[in-house]
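Architecture at a glance
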Amino acid sequence: MNKLLLYILPLLVVLLGCDPPQTDGETSTAGTNKDTATAASAPLVEDPDTTLQPVQHLELRALGNTIDEIRYSTDTLETKAGAMVKLTFINEGVDMPMVHNVVFTASGKYKQVALAGAKVGASGNYVPESDLILAATPMALPGQTVELEFTAPTEPGLYDYVCTYPGYWKRMNGVLVVK
Ligand SMILES: [Cu+2]
């Protein structure tokens, strides 16, 4: 019996020992495939960000603390067509009625969108559902900073942006130049 065990044990060891290398071989093959896949797909993931879709950082501030003073820090923003626009919108207003947003619209449509937004009211964030809207920030309360990311139109041209808080569109609007 002991002799038999002596024969069987090495056999078991060989069998057991054989299995892990096989699994290892499979694992490393799979690992190699994975690595190859990762290496091959990584540039594909990076390309749209770095070359195909440039990133355009924009900053806009809301200035003034009365209805007569309110204005955007600039009435012109510029981006490349199709770029990933990352807008930082800073509301420098102090008192509560100084609530602002930035809504990007089709060319010449800022007033129409703002009037529709006023009807939507606070519950709808003063932003109407509309095909004329490219993108909209949340409302920024006094002192708040909000961020907005959107893809700029692929068609170069002039687009609008406006604050849709009721009545503010008259003084808070501008042109997004897409080149
Ligand atoms: Cu405003």
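First, a word on scope: everything that follows refers to the structure included in this document. (Residues numbered from 1 in each chain as written. Predicted model: local features only at pLDDT ≥ 70, side-chain atom pairs only at ≥ 80, totals over all residues.)

Secondary structure assignment for the chain yields two helices and nine strands. Scanning the chain from its N terminus toward the C terminus, one meets helices and strands in the order α-β-β-β-β-β-α-β-β-β-β. With 179 residues in all, the chain has 25% of them scored as buried. Taking the contacts inside the chain whose residues are at least 6 apart along the sequence as the reference set, 70% of them involve residues at least 24 apart. (Helix = DSSP H or I, 4+ residues; strand = E, 2+ residues; numbered from the N terminus. Buried ≥ 20, exposed ≤ 12 C-beta atoms within 10 Å, placed from the backbone. Contact = placed C-beta atoms within 7 Å.)

Another aspect to go through is the sheet that holds strand β9 (residues 173-178). Ordered by their spatial adjacency, five strands build an open sheet running β3-β9-β8-β5-β6, and the pairing between neighbours is mixed. Edge positions in the open sheet fall to β3 (76-79) and β6 (133-136), since each of these has one partner strand only. Averaged over neighbouring strand pairs, the angle between their axes works out to 25 degrees when direction is ignored. Against the sheet, helix α2 (residues 110-120) touches β5 (103-105), β6, β8 (157-162) and β9, its axis set at about 25 degrees to β8. (Pairing = 2+ DSSP bridges. Axes fitted to C-alpha atoms, helices over the stretch in contact; angles between N-to-C directions.)

Within the secondary structure layout, Ala-106 lies in the loop between β5 and α2. With 53 residues separating them in the primary sequence, Ala-106 and Tyr-159 have C-alpha atoms 5.2 Å apart.

Looking now at the environment of Gly-108. Structurally, Gly-108 is set in the loop between β5 and α2. Gly-108 sits in the exposed class, given 12 other C-beta atoms within 10 Å. Sequence separation of Gly-108 and Asp-160 is 52 residues, and the distance between their C-alpha atoms is 6.5 Å.

The backbone of Asn-125 shows a phi angle near 65 degrees, a positive value even though the residue is not glycine. Looking at the secondary structure, you find Asn-125 in the loop between α2 and β6. You will see that Tyr-126, though not glycine, has its phi angle at about 60 degrees, which is positive. In this fold, Tyr-126 is placed in the loop between α2 and β6. Take Tyr-126: there are 23 C-beta atoms within 10 Å of it, and that puts it in the buried class.

Taken in spatial order, the four strands make up an open sheet running β2-β1-β4-β7, and their pairing is mixed. Among the strands making up the open sheet, the edge pair consists of β2 (71-72) and β7 (145-151). Both strand β4 (residues 84-91) and β7 contribute to a ladder of seven bridges, which runs antiparallel. Residue pairing for β7: Phe-89 is matched across the bridge by Val-146.

A separate point is the pairing of strand β1 (residues 55-63). As paired elements, β1 and β4 share eight bridges and run parallel to each other. If you follow His-57 over to β4, its bridge partner there is Lys-86. Taken together, the two bridges between β1 and β2 define a ladder with antiparallel strand orientation. Paired with Leu-63 across the strands is Arg-71, a residue of β2.

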